[in-house]
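As a plain string of letters, each chain reads:
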Amino acid sequence: MRLISNAKYGQPVESGSIYRAKIGTMTISIHRYKDCEGWFLSCRDMGIDTRELKSKGLMQAAMESREILKNVADEIQENINKFCNSEIEIARY
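Predicted model, so just to flag it, every value in this text is computed and none were measured.

Structurally, Gly 38 is set in the loop between strand 3 (26–31) and strand 4 (40–43). Considered as a pair, Gly 38 and Gly 57 are 19 residues apart in the sequence and their alpha carbons are 7.9 Å apart. In this view, Gly 38 contacts His 31 and Arg 32; residues no more than four positions away in its chain are not counted.

Spelled out as structure tokens, the structure:
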């Protein structure tokens, strides 16, 4: 996963407060908020909006984000499988 930093030109990339990764059509953001401690994860395509991470450092936050995204993807896949493997039933309500 390649994280793109919003660090200002001439500053170390580690000085950024937003790190984005684009995988296909999906954008993942690991970011901080002004006056807030810690890191947050956002991924619109996975329904994750500013989830607080337990990690203190950027690399740990990236690893934690991977695990969260994998768990969400597994849950989505499980629901898709249930939908695809169920009988088709037409009902009024």
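Take the pairing of strand 5 (residues 48–52) next. The two faces of a sheet get side chains in turn, since along a regular strand they alternate between them. Bridge count between strand 4 and strand 5: three bridges; the pairing is antiparallel. Opposite Cys 43, over in strand 5, you have Ile 48 as the bridge partner. Connecting the antiparallel pair strand 4 and strand 5 is a turn made up of four residues, with Gly 47 showing a positive phi of about 75°.

It is worth spelling out the pattern of salt bridges at this point. Proximity of charged atoms lets side chains of opposite charge pair with each other. Per the stated rule, a full pass over the model turns up two salt bridges. Among the ionic pairs, Asp 74 bridges to Lys 70, the shortest N-O distance being 3.1 Å. Taken as a pair, Asp 74 and Lys 70 lie in helix 1 (residues 58–85) at a separation of four residues, close to a single helical turn. A relative accessible area of 47% means that Lys 70 is categorised as partly exposed. With its nearest N and O atoms 3.6 Å apart, the salt bridge here joins Lys 82 to Glu 78. Taken together, the positions of Lys 82 and Glu 78, both in helix 1 and four residues apart, correspond to about one turn of that helix.

The rules behind these values
Residues numbered from 1 in each chain as written. Predicted model: local features only at pLDDT ≥ 70, side-chain atom pairs only at ≥ 80, totals over all residues. Heavy atoms only, no water. Helix = DSSP H or I, 4+ residues; strand = E, 2+ residues; numbered from the N terminus. Contact = heavy atoms within 4.5 Å. Pairing = 2+ DSSP bridges. Salt bridge = Lys/Arg side-chain N within 4 Å of Asp/Glu carboxyl O. Buried < 20%, exposed > 50% of the residue type's maximum accessible area, 1.4 Å probe, protein only.

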